[in-house]
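Coordinate analysis (summary)
The lines below spell out each chain.
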Amino acid sequence: MVPYADALALQRSLVDDRRAGRVDDLLLLVEHPHVLTLGVRGDGGRAHILATAETLAARGIEVYETGRGGDITYHGPGQIVGYPIVDLSPDRRDVHRYVRDLEEVLIRTAADYGIGAARVDGLTGVWVGREKLAAIGVRIARWITSHGFAFNLSTDLDYFNLIVPCGIADRGVTSLARLIGRIVDRSDVEERIVTHFCDVFARTPAAASTVNGADTHSRPCAV
């Protein structure tokens, strides 16, 4: 469980480290306390907050501007939030391909549990029918990635009622637990995400570790 502000600062530091060659490609897998995060499109999604500031404060929900693409979303307990810190140079310098590759990682993860998740034309993320299982919002600076995805494992979906998730009013949100009718061990899902991530991005997983002394589990990936 990592406060959002700490994860944001860690990502910025690791992007600098990756650019300077001080670290290899990394996949950070974390969980956040209740938070709403804003993208860079328009007002970032503030108009899609349905709750009052007083309601958010009473429920302990912070709001952060992030610098990533996309609209507003929710992060909270029961969610696996993935932050790849990856150098896309020299052969993967394609933003659309990168987003599609992240979707592929999570589609394969859902398939491991018998869920037929898919893409939807014109929309980002991973969907099961008309409900979003995983949201994606990325930042790429000089081809080093940050931010990433949020996979709803056992998330309390009621929190999404406080916003218009990703600014899409006519679709819903779901979780793996809701789809299969049981809680899945978080570490099992994380291992599957790591495996599929390294397959899709042609990396070899190294041992889990902490990064910069933070209590943040990561799986370094090497070319």
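Residues numbered from 1 in each chain as written. Predicted model: local features only at pLDDT ≥ 70, side-chain atom pairs only at ≥ 80, totals over all residues. Heavy atoms only, no water.

Moving on, we get to the pattern of salt bridges. Tallied over the full model, the rule gives 18 salt bridges. The partner of Asp16 in a salt bridge is Arg19, with the nearest N and O atoms 3.8 Å apart. Linking Asp16 with Arg19, this pair stays in helix 1 (residues 4-19), spanning three residues, or about one helical turn. We classify Asp16 as partly exposed; its relative accessible area is 44%. Of the charged contacts in the structure, one is a salt bridge between Glu190 and Arg186, with a shortest N-O distance of 3.1 Å. Of this pair, Glu190 and Arg186 both sit in helix 5 (residues 186-200), four residues apart, which is roughly one turn of that helix. The network of salt bridges with common partners includes Arg100, Glu103, Glu104, Arg108 and Arg119. (Salt bridge = Lys/Arg side-chain N within 4 Å of Asp/Glu carboxyl O. Helix = DSSP H or I, 4+ residues; strand = E, 2+ residues; numbered from the N terminus. Buried < 20%, exposed > 50% of the residue type's maximum accessible area, 1.4 Å probe, protein only.)

This part takes up unusual backbone geometry. The peptide bond linking Ser89 to Pro90 adopts the cis configuration, its omega dihedral lying at 0°. Positive phi values are uncommon outside glycine, yet Trp143 reaches one of about 70°. Looking at the secondary structure, you find Trp143 in the loop between strand 8 (131-141) and strand 9 (144-152).

In this section: the sheet that holds strand 2 (residues 35-38). Read from one edge to the other, the open sheet built from three strands follows the order 3-2-4, with strand pairing classed as mixed. Unpaired on one side and paired on the other, strand 3 (62-65) and strand 4 (73-75) mark the two borders of the sheet. Within this sheet the neighbouring strands show an average axis-to-axis angle of 30°, counted without direction. Sitting on the sheet, helix 1 is in contact with strand 2, strand 3 and strand 4, with an inclination near 20° to strand 3. (Pairing = 2+ DSSP bridges. Axes fitted to C-alpha atoms, helices over the stretch in contact; angles between N-to-C directions. Contact = heavy atoms within 4.5 Å.)

Let us now look at the packing of helix 3 (residues 95-111) against helix 5. Remark: helix 3 packs on helix 5, axes separated minimally by 9 Å, with the N-to-C direction vectors making an angle of 135°. Regarding the angle of helix 3 to helix 5, the classification is oblique. Relative to helix 5, the crossing made by helix 3 is right-handed. Touching Asp101, Leu102, Glu104, Val105, Leu106, Arg108 and Thr109 of helix 3 are Val189, Arg192, Ile193, His196, Phe197, Asp199 and Val200, all from helix 5. For the contact of helix 3 with helix 5, the per-class residue count stands at seven nonpolar, two polar and five charged. (Parallel < 35°, antiparallel > 145°, perpendicular 65-115°, else oblique. Left-handed = near helix turned anticlockwise from the far one by under 90°. Nonpolar A, V, L, I, M, F, W, Y, C, P; charged D, E, K, R; others polar.)

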